[in-house]
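# Structure assessment
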Amino acid sequence: GNKLGSKKERTLAMIKPDAVNKMGDILQMINDANLILTKAKMTKLTWKQAADFYTEHQTKSFFNNLVQFMTSGPVVAMELMGDEAVSVWRRILGPTDSGVARKEAPPSLRAQFGTDGTRNAGHGSDSLASAARELEFFFPSTAGHGPANTANCTDC
Ligand code: RTP
Ligand code: MG
């Protein structure tokens, strides 16, 4: 339920190409954390799309490897909703580097399903502002084709 003092948030979670075949386990983790899956989309990012999504990292040494990895196969983007969804999902992910995650947070998603500092199984928005931008990236509010998303609509 919606406890007093709780903060309902939405965040953008993405399953990276190396963990798309672990969606069953990952949906279980989402469920166990009391997060609700409100939108989902499987897509193969183009080089430009991946570079735009990670534009804040364009000057980093790992940028090219990151974009190469993110375009190596399909990803699954999800909107998750729940109390403090941004930080809850980041906690489920664990540390950025999957090697570090296996030492510091063995049950985390990156510990279980990732490989190293780049191939790390999942992404999560790092703030409410990032979540707004990243949700609009994958689920544009102006989307004109196909049925409207009314999955989370209570009065329609
Ligand atoms: P993300 O944005 O994907 O949720 O990951 P994050 O916040 O934990 O880490 P961030 O610093 O934003 O890095 C974005 C992604 O770039 C890859 N990376 N590779 N040294 C490296 O080789 C390196 N550092 C970062 C990872 O895929 C990381 O998730
Ligand atoms: Mg990040």
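Residues numbered from 1 in each chain as written. Chains lettered and ligands numbered in written order. Predicted model: local features only at pLDDT ≥ 70, side-chain atom pairs only at ≥ 80, totals over all residues.

### Points about the overall build of the protein chain
For the protein chain, the helix and strand inventory stands at 7 helices and 4 strands. Helices and strands in the protein chain line up, N terminus first, as β-α-β-α-α-β-α-α-α-β-α. A compact globule built from 156 residues would reach a C-alpha radius of gyration of about 15 Å, and the protein chain, at 16 Å, matches this within 12%. Here the C-alpha coordinates of the protein chain stretch approximately 45 × 35 × 25 Å along the principal axes. Taken across its 156 residues, the protein chain has 31% of its residues classed as buried. Considering only contacts within the protein chain whose residues lie at least 6 apart along the sequence, 68% involve residues at least 24 apart. (Helix = DSSP H or I, 4+ residues; strand = E, 2+ residues; numbered from the N terminus. Rg over C-alpha atoms; globule rule 2.2 N^0.38 Å. Buried ≥ 20, exposed ≤ 12 C-beta atoms within 10 Å, placed from the backbone. Contact = placed C-beta atoms within 7 Å.)

### Some words on the confidence of the model for the protein chain
Reading fine detail from the predicted coordinates is not recommended where pLDDT is low. The share of residues in the protein chain with pLDDT of 70 or more is 95%, and the mean pLDDT across the chain is 94. For this predicted complex, the interface confidence comes out at an ipTM of 0.96, alongside a pTM of 0.92. (pLDDT = per-residue confidence, 0-100.)

### Here's the deal with the sheet that holds strand β2 (residues 36-43)
Judged by pairing direction, the sheet is antiparallel, and its 4 strands sit side by side in the order β2-β3-β1-β4 without closing on themselves. Of all the strands in the sheet, just β2 and β4 (122-124) have a single pairing partner and so form its edges. Taken over all neighbouring pairs, the strand axes of this sheet differ in orientation by 20° on average, direction set aside. For β2 and strand β3 (residues 75-83), the ladder comprises 7 bridges, and the chain directions are antiparallel. Paired with Ala-40 across the strands is Met-78, a residue of β3. (Pairing = 2+ DSSP bridges. Axes fitted to C-alpha atoms, helices over the stretch in contact; angles between N-to-C directions.)

### A closer look at unusual backbone geometry
Here the phi dihedral of Glu-84 falls at roughly 50°; this positive angle occurs in a residue that is not glycine. Locating Glu-84 in the fold gives a position in the loop between β3 and α4 (85-93). For Glu-84, a count of 15 C-beta atoms within 10 Å translates into the label partly exposed. Of note in the backbone geometry, Ala-121 takes a positive phi value of approximately 75° without being a glycine. The topology assignment puts Ala-121 in the loop between α6 (109-113) and β4.

### Re the site of ligand 1
Residues in contact with ligand 1, as listed here, are His-57, Phe-62, Leu-66, Thr-96, Gly-117, Thr-118, Asn-120, His-123, Gly-124 and Asp-126. Looking at the shell around ligand 1 residue by residue, the class counts come to 2 nonpolar, 7 polar and 1 charged. (Near = placed C-beta within 6 Å. Nonpolar A, V, L, I, M, F, W, Y, C, P; charged D, E, K, R; others polar.)

### Side note on α4
Ala-85, Val-86, Trp-89, Arg-90, Ile-92 and Leu-93 are the residues of α4 that are buried. Down the axis, α4 shows its buried residues gathered within 155° of arc, on one side only. Structurally, α4 contributes buried residues whose contacts are with β1 (8-15), α1 (23-32), β3, α6, β4 and α7 (128-138). (Arc of directions from axis to C-beta.)

### What about the UniProt feature "binding site: ATP" (unreviewed entry) in the protein chain?
Under the UniProt annotation, "binding site: ATP" (unreviewed entry) lies at Lys-16, Phe-62, Arg-90, Thr-96, Arg-110 and Asn-120. Topologically, Arg-90 is positioned in helix α4. If near-sequence neighbours (up to four positions away) are discounted, Arg-90 is found in contact with Gly-124 and Asp-126. Relative to the assigned elements, Thr-96 resides in the loop between α4 and α5 (98-104). For Thr-96, a count of 14 C-beta atoms within 10 Å translates into the label partly exposed. Setting aside its immediate chain neighbours within four residues, Thr-96 contacts Gly-117 and Asn-120. (UniProt positions renumbered as here; feature names shortened; annotations may be inferred.)

### Structural notes on the environment of Leu-128
By secondary structure assignment, the location of Leu-128 is in helix α7. Through-space distance from the C-alpha of Leu-128 to that of Ala-85 is 9.4 Å; in sequence the pair is 43 residues apart.

### Re helix α3 (residues 63-70)
Each full turn of the α-helix corresponds to 3.6 residues, which orients residues three or four apart in the same direction. Buried residues of α3: Leu-66, Val-67 and Met-70, and no others. Angularly, the buried residues of α3 cover 95° about the axis, an arc narrow enough to put them on a single face. The exposed set on the far side of α3, more than 90 degrees from its buried face, consists of Asn-64 and Gln-68. Summarising the contacts, the buried residues of α3 are in contact with α2 (47-53) and β3.

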